[in-house]
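Residues per chain, in single letters:
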Amino acid sequence: MRFDAVTLFPEMFGLVRDQGVTGRAHGQGIWAMKVWNPRDFTHDAHRTVDDRPYGGGPGMVMLAAPLEAAVDAAQADRVAQGMAQAPVVLLSPTGQRYGQREAENLAATRQGAIFICGRYEGVDQRFIDRRVTQEWSLGDFVLSGGEIAALAMIDAAVRLLPGVLNDDASAVQDSFNPALDGLLDSPHYTRPEIYGGESVPEPLLSGHHARIARWRREQSLRLTAQRRPDLIEQARAAGRLSKEDERFLAALQAQQ
Ligand code: 4FV
């Protein structure tokens, strides 16, 4: 699995390449990261990568040519390494919202992606028309650049690769994970047993696996019903809620 990023700030990708579980996995060769700076694909003394917008208006727009040359270099380098060409993903608020499903699909494809990290007001539309295969958004807010969005998307996908997390089961117990029927994760507790006068919930101390699983399920249902009722509807529509779950949710509703 390899990710490429076209970015004016290549050093930012050290965050996922060199740090934490993604950094350890990179060191173990579980995945690879390559960065391409559009400035390296300019031919003028000032290494110009942006210019003023046609039609006027504030800010600058990234030039198409350096971006296209960077993408071509990334694709050529992949082919030279016996890899398939990868989808070209532009990070933009206008893109499809990236979620856990996109992270799982990205991890499953093993093809990776070439992330285009825009800066300024954005990139020339003709580059998008000619080279971009997918637009993804991290959320309905505006970043100063696409790098942080790409970093988050890479992190969310790489941690799902086998051997990245200490215990692959950890990813299974995640919020939004199909194993949790897309519900929010239940609360977590560790030592000490009493903290600030508050004890760890008794079921978690019982050693009774069925009781622990039930407690965690009910906490997931409670938290999801309170904060993300849309996810309850999705789970219900997918037939992922048991009669016991529905009884618990009805009792919860009755308490409101
Ligand atoms: C963004 C987002 C985002 C827009 C103009 C970079 C900025 C600048 N990317 N999800 N939200 N991008 O705000 O992905 O070029």
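Use the structure listed above.
Everything numeric in this text was worked out from a predicted model, so none of it was measured. (Residues numbered from 1 in each chain as written. Predicted model: local features only at pLDDT ≥ 70, side-chain atom pairs only at ≥ 80, totals over all residues. Heavy atoms only, no water.)

A. Geometry of the nonpolar core. In terms of nonpolar packing, the biggest core is built from 28 residues, with F3, W31, L91, F115 and I154 touching the most fellow members. Elements with a minimum of two residues in this core: β1 (2-6), β5 (88-97), α4 (100-109), β6 (113-116) and α6 (147-158). No other element matches α6, which puts eight residues into this core. Not counting the four nearest positions on each side in its chain, L91 is found in contact with F115, I116, C117, W136, G146, A149, A150 and M153. Listed in part, the 20 residues of the second largest apolar core include L8, W36, M62 and V71. (Core = buried A, V, L, I, M, F, W, Y, C linked by side-chain atoms within 4.5 Å. Buried < 20%, exposed > 50% of the residue type's maximum accessible area, 1.4 Å probe, protein only. Helix = DSSP H or I, 4+ residues; strand = E, 2+ residues; numbered from the N terminus. Contact = heavy atoms within 4.5 Å.)

B. Examining the site of the ligand more closely. Around the ligand there are 17 residues in total, and G118, L138, G139, F141 and L143 lie nearest to it. R119 places a polar main-chain atom, nitrogen or oxygen, 3.3 Å from an oxygen atom of the ligand. Within the backbone of L138, a nitrogen or oxygen atom sits 2.8 Å from a nitrogen atom of the ligand. Secondary structure elements with two or more residues in the shell around the ligand: β5 and β7 (134-137). At three residues, the largest contribution of residues to the shell around the ligand is made by β5. Residue composition of the shell around the ligand, grouped by class: nine nonpolar, seven polar and one charged. (Near = heavy atom within 4 Å. Polar contact = N/O pair within 3.5 Å; in protein donor to acceptor, adjacent residues only side chain to side chain. Nonpolar A, V, L, I, M, F, W, Y, C, P; charged D, E, K, R; others polar.)

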